[in-house]
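# Summary of structural features
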Amino acid sequence: MQSTPRGPSKRGSTGIRKVTGAIFAVLLAVLMIAAPAAQATTPSPSPSPSPTTFQNNISGFLRDDARTPIPGVRIKATGNGFEGTATSSANGQWSIGVPVQGTYKVELDTSTLPQGIKLAEGQENPRNVTFSQTSNLSVIFAFGKGIVVQQQDLGQSILNRLVAGISFGLLLALASVGLSLIFGTTGLTNFAHGEMVTLGALALFAFNAWGVPFWLAVILALTGGAAFGYVQDLALWRPLRRRGMALVPMMIVSIGLALAVRYAYQFFFGGATQQLPGAQVTDVQIGPISVSPNTLWSLLISAVVIAAVGIVLLRTRLGKATRAVADNPALAAASGIDVDRVIRIVWVVGGLLAALGGVLWAYYRPGVTWDMGSQILLAIFAGVTLGGLGTVFGALIGSLVVGIFIELTSLVLPPDLKYVGALVVMIVVLLFRPQGILGRRERVG
Amino acid sequence: MDIGNILLLALGEFLTPTTAAYGLAALGLAVHFGYSGLLNFGQAGFMAIGAYGFAISTLQFKVPFIVGLLIAVVAASLFALLLGVPTLRLRADYLAIVTIAAAEIVRYIVTTNTLFRITGSADGLSSFQREFDTFNPFPAGTYIFGWSNRDFYVRVISWAVVILSAVIVWLLMRSPWGRVLKGIREDENAVRSLGKNVYSYKMQALVIGGILGALAGLLFTIPRGSVQPANYATDLTFFLWTVLLLGGMSTVLGPIVGAMIFWAVLSLTQNLLSGLIESGAVTFISTVQAGQLRFILVGVALMLLMVYRPQGVFGNKKELAFA
C-alpha cells in the first residue's frame, strides 16, 4: 500500500483536542443545518390504523416505478379464519395486523389504484404469503406505468433517454468535480461526499418548509453546502493532515463521518420521501423529445456551472494554483502557492457544487430523502474513476458517460437494475485502462 | 426501567449467532486488511453471496445441506477471483472502490423484481434452514440462559465455526505463508524483490477472507431462517469495519471481541434509551430516533477510533496496515 503522509509535523495533545472538537463541530454544524427539517416534517411514518393491534403484521410500501408513494390503495389479507384490510397512507405505507403467523392471501384492490398506475407484469395478485419466524412480513407490489397512450418507437425513446442521461450525467458531474478536486489536492477518497449532496436538497426543503422564499432558500442551501465543506476542512481534515494521518485511515474517517451524518439526517428528517416545490410536473414535448422541464433546467444549470468551473480552472490564477496543487503539492508549496488555502477553497467549492448537485438530484428523481446522496455515491465514484482519479475534466467526462449509460441501459434493463450497468462498466474499464479516460499512467499502481 | 434486565440483555448479545457472524466476517476483513493490507469494502457482498448461494441452491435445486455449503464457499471464492483479477495490481483505493461497487451489484441483483422467482426480490428467501435443524442433537427443553434447544444448537454451531476459523487464521498467520503476507502489507516491493509472487499471495488472502465472509453470511441467515437483501447494504460493511477497528485489525481475537463489544454496546444504548423514553425521563426523542442515534454513535466511534486508537483494543501499533 502506498500512503503518503502530507503534513510531517506531529503535534501532541493540542492536535488531539483539536480533532475531537473538530468531529463534534462538524456534527453540530450538520445538526444545525438539518434541524429545521425536524419541525417541517412528521418524523416517523404513521401506518394506517388497523382495527385491532396484533403482534404480527403484514405490511409494505406502495411505490410506483419512480418510487413515488401511492396513497389510498386498499389491500386485503385473508387466511387462518381472519380477514383484515388496510389503506395505504400518504407515504405509501400499509400494515395489516393478523392474529397468528401462517399463510395469508394478500390481495391488492386494483380498482383503488390511481390512474396511470397498474401492477407490473408478472406481479401475482392475489398472492399467498407465509410468515417465516419473524413477526413482520413485508409484501412488495411492483408497479409499472399503466395505460401507455401510444407506443413510443425505439429511436424516440433513445432520444428521450439521451437527454435525461445528459442531464443526469451533468448533475453527477457537479458532485464528482468536487470529489475529484478534493482527491487531487489532498489524496482523500471522500466517502462522505454523498452526504454533502444530500445536504443541499435537505437544506432547501427545510428552508422552504420554513417559509423562506424559494430563490433565497436555494441560495441559503448552497451556502450551507459551502459552509459544510469549509467546516469539514477547517475542523476535521486539516487537523488530521497536520497530524500526518495517512490516506487510508482518512478514508475510513470519512466513512465514519458519512455514517454519522447520514443517520443524523434520518434522525431529524425521518425516513419519508418529501417533495420540493414544483418537483412534480408533466413532461413537455420539444420536437421529437418528451422531457420533464425540470430535467431541462437541471441540464442547463449544471452545464453553465460546470463551464464556469472549467473557465476558472483554466484561466485564473486560482485555477492554475489548484491544478498545481493537484499535480504535486510539495512542488506547488515550494513555488509559493499557499497549499492550505487552495485546499480550503477546494472544499468550499466542492461542498457548494455537491449541494447544487443534490438540489438538482432531488428534482431529477424526484424526491428528497435522508439517504439520497449515498444512493448516487457509487455512480459519482464510477464517474470519477472512469475519467481518471484526480483529473477534473476526466471526472466531468466520466460522469457524463455514466449518466448517459445509466439512462440508456434503462431501456433494456429493469429500472431497479439501472445502476448495475454503470458499475459493471467501471469495473471493466479498470481492467483495460485503470488510469481512466483522461488519467495518466503513472498515477496508478 | 429495569437496569438489571438491560445489562442481562446486553450480556446476552455476546453469544448470539449474529455476533458470531459479525465476528467471523470481521475476521475475514482482518485477513484482508489487517494482515495483507487489502482494502475490501465489499464484505457485505461476500456475506450476501454466501447466504444467497446457500439459500438458492437449497430452495431451487434441493441440494443437501453440505452441497449448499460448498456452493456458498465456491461462489465466494469465484467472486474474490473476479474482483482480484482487475484490481490487485492497482493501487489500494481501486480495490476499495471496486469491492464496494461489486457488493452493491450483488445487492441490486438479488433485489430486482425481475428475478423474483429465484431471489424473492426484496422479500428475500426463507425456510432453507430445515435440513440444518434436523441435525440438532440436543433434545427439546430449556438450556442455560433459558435458551430453547434450537437456540442452544445454533449458538454451539456458530461459535464452533468462529473458533475453528480463528484457530485456522492464527495458524496461517504464524506460518511462513502468513509472514510473507505481513511482509506484503509492510512493503510490497521488498517482498517482490525476494522473488515472491505478490499478486498470487494477495489473491489467496482475498479468497480466504472472502470465504470467511461467506461463512459469516451463513451464520447470519441460517439461525434466523431468512435472508433479505436490505441487510446486505454498504452499511453492513462499514459496521464490520467498525468491529474490526474496535478489536484490532491485525489480531485474531480482536474482530471477535470487537463484534461482542459492538453488539453489547448497541443493545445497551438501545435499551437504556428506550427505557428512558418509556419512563418519561427523555421526551425530546422518539424510540425510532433512539435507534438512529445509535448509528450516529457508531459513525462517531469509527472516526474517534481511527484518530486516537487505530490499533483497536488488542492491536499492536507497530502492526498497523497503514503508518
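Note that the structure is predicted; figures quoted are calculated from it, not measured.

### What to know about the overall build of chain A
Counting its secondary structure elements, chain A contains 12 helices and 11 strands. Taken across its 445 residues, chain A has 50% of its residues classed as buried. A separation of at least 24 residues holds for 75% of the contacts in chain A among residues at least 6 apart in sequence.

### Remarks on the overall build of chain B
When its secondary structure is counted, chain B shows 14 helices and 2 strands. For chain B, the C-alpha radius of gyration of 20 Å lies close to 20 Å, the compact-globule estimate for 323 residues. Across its three principal directions, the C-alpha atoms of chain B cover 65 × 50 × 40 Å. Here chain B holds 323 residues, and the buried ones make up 52% of them. Within chain B, counting contacts between residues at least 6 apart in sequence, those at least 24 apart form 75% of the total.

### What about the confidence of the model for chain A?
Regions with low pLDDT should not have their predicted coordinates read in detail. All names here are of chain A. Scored by pLDDT, chain A has a mean of 81; 82% of the residues are at 70 or more. Contacts for the low-pLDDT stretch residues 1-13, under 50 throughout, to residues beyond four places or in other chains number 27 contacts. A low-confidence stretch, residues 146-150 (pLDDT under 50), is modelled with 5 contacts involving residues beyond four sequence positions or located in other chains.

### Brief notes about the packing of helix 2 (residues 154-186) of chain A against helix 11 (residues 392-409) of chain A
To describe two helices that pack against each other, one gives the angle between their axes and the distance between the axes. Axis separation between helix 2 of chain A and helix 11 of chain A bottoms out at 7 Å; the angle between their running directions is 145°. Two packed elements cross with a definite hand, and for helix 2 of chain A against helix 11 of chain A that hand is right-handed.

### Comments concerning the domain arrangement of chain A
Partitioning chain A into structural domains gives domain 1 (55-144) and domain 2 (152-432). Once you take the C-alpha centre of each, domain 1 of chain A and domain 2 of chain A turn out to be 36 Å apart.

### Considerations on the pairing of strand 3 (residues 82-87) of chain A
Residue and element names in this part refer to chain A. Bridge count for strand 2 (residues 74-79) against strand 3 is 6 bridges, and the pairing is antiparallel. When the bridges of strand 3 are listed, isoleucine 75 appears paired with alanine 86. In sequence, strand 2 turns back onto strand 3 through a hairpin of 2 residues, with asparagine 80 there showing a positive phi of about 50°.

### Section: the interface of chain A and chain B
Contacts between the two partners involve 49 residues from chain A, matched on the other side by 54 residues from chain B. Of all the elements in the fold, those that place two or more residues in the side of chain A that touches chain B are helix 1 (13-40), helix 5 (247-269), helix 10 (372-387) and helix 12 (418-432) of chain A. Element by element, the count of residues in the side of chain A that touches chain B is highest for helix 5 of chain A, at 13 residues. Partitioning the side of chain A that touches chain B into residue classes produces 36 nonpolar, 12 polar and 1 charged.

### Observations concerning the sheet that holds strand 2 of chain A
Residue and element names in this part refer to chain A. Within the open sheet, the 4 strands sit side by side as 3-2-5-7. Their pairing is antiparallel. This sheet does not close on itself; its edge strands, each paired only once, are strand 3 and strand 7 (127-130). If you compare each strand with its neighbour and ignore which way they point, the axes differ by 25° on average.

### Remarks on helix 2 (residues 17-35) of chain B
Residues and elements named next belong to chain B. Taking 1.5 Å per residue, 19 residues should reach 27 Å; helix 2 reaches 25 Å between its end C-alpha atoms and fits that length. At leucine 29, helix 2 is bent by approximately 30°, the largest bend along its length. Looking at the residues trailing helix 2, positive phi occurs at glycine 37, about 75°.

### Observations concerning helix 11 of chain A
An ideal rise of 1.5 Å per residue puts 26 Å on 18 residues; helix 11 of chain A measures up with 25 Å between its terminal C-alpha atoms. Within helix 11 of chain A, 14 of the 18 residues are buried, leaving the element largely enclosed by the surrounding structure.

### Here we look at the pairing of strand 1 (residues 56-61) of chain A
Residue and element names in this part refer to chain A. Here strand 1 runs beside strand 4 (residues 93-98); their pairing, made up of 6 bridges, is antiparallel. Among the inter-strand pairings, asparagine 57 is bridged to a residue of strand 4, identified as glycine 97. Strand direction decides the pairing type here: strand 1 and strand 8 (residues 136-138), joined by 3 bridges, are parallel. Its bridge partner being in strand 8, serine 59 is matched across the sheet by serine 138.

### Remarks on the sheet that holds strand 1 of chain A
All names here are of chain A. What the 3 strands build is an open sheet, ordered 4-1-8; its pairing is mixed. Edge positions in the sheet fall to strand 4 and strand 8, since each of these pairs with one other strand and no more. Taking the axes of each pair of neighbouring strands and ignoring which way they run, one obtains an average angle of 20° across the sheet.

### Examining the environment of phenylalanine 141 of chain A
All names here are of chain A. On the secondary structure map, phenylalanine 141 appears in the loop between strand 8 and strand 9 (143-145). Considering only alpha carbons, one finds phenylalanine 141 and alanine 192, 51 residues apart in sequence, at a separation of 33 Å. Not counting residues within four places of it along the chain, the set of residues in contact with phenylalanine 141 comprises Gly60, Leu62, Leu108, Leu119 and Gln123.

### With respect to the packing of helix 2 of chain B against helix 3 (residues 43-61) of chain B
Residues and elements named next belong to chain B. Helix 3 packs onto helix 2 with a crossing angle of 125° between their chain directions and a minimal axis gap of 10 Å. Judged by the inter-axis angle, helix 2 sits oblique to helix 3. When the axes of helix 2 and helix 3 are compared, the crossing they make is right-handed. The residues of helix 3 that touch helix 2, namely those facing Ala25, Gly28 and Leu29, are Gln43, Phe46 and Met47. Among the residues forming the contact of helix 2 with helix 3, the class breakdown is 4 nonpolar, 2 polar and no charged.

### Observations regarding unusual backbone geometry
The peptide bond linking arginine 365 of chain A to proline 366 of chain A adopts the cis configuration, its omega dihedral lying at -10°. Among the secondary structure elements, proline 366 of chain A is positioned in the loop between helix 9 (339-364) and helix 10. The backbone of serine 127 of chain B shows a phi angle near 60°, a positive value even though the residue is not glycine. Summarising the element assignment, serine 127 of chain B is placed in the loop between strand 1 (125-126) and helix 7 (130-134). Since 13 C-beta atoms lie within 10 Å of it, serine 127 of chain B is described here as partly exposed. Backbone geometry places phenylalanine 145 of chain B, a non-glycine residue, at a positive phi of 60°.

Rules behind the numbers
Residues numbered from 1 in each chain as written. Chains lettered and ligands numbered in written order. Predicted model: local features only at pLDDT ≥ 70, side-chain atom pairs only at ≥ 80, totals over all residues. Helix = DSSP H or I, 4+ residues; strand = E, 2+ residues; numbered from the N terminus. Buried ≥ 20, exposed ≤ 12 C-beta atoms within 10 Å, placed from the backbone. Contact = placed C-beta atoms within 7 Å. Rg over C-alpha atoms; globule rule 2.2 N^0.38 Å. pLDDT = per-residue confidence, 0-100. Axes fitted to C-alpha atoms, helices over the stretch in contact; angles between N-to-C directions. Left-handed = near helix turned anticlockwise from the far one by under 90°. Domains from an automatic or database assignment. Pairing = 2+ DSSP bridges. Nonpolar A, V, L, I, M, F, W, Y, C, P; charged D, E, K, R; others polar. Expected span 1.5 Å × (residues − 1). Bend = angle between axes of the 7 residues up to and from the residue. Parallel < 35°, antiparallel > 145°, perpendicular 65-115°, else oblique.

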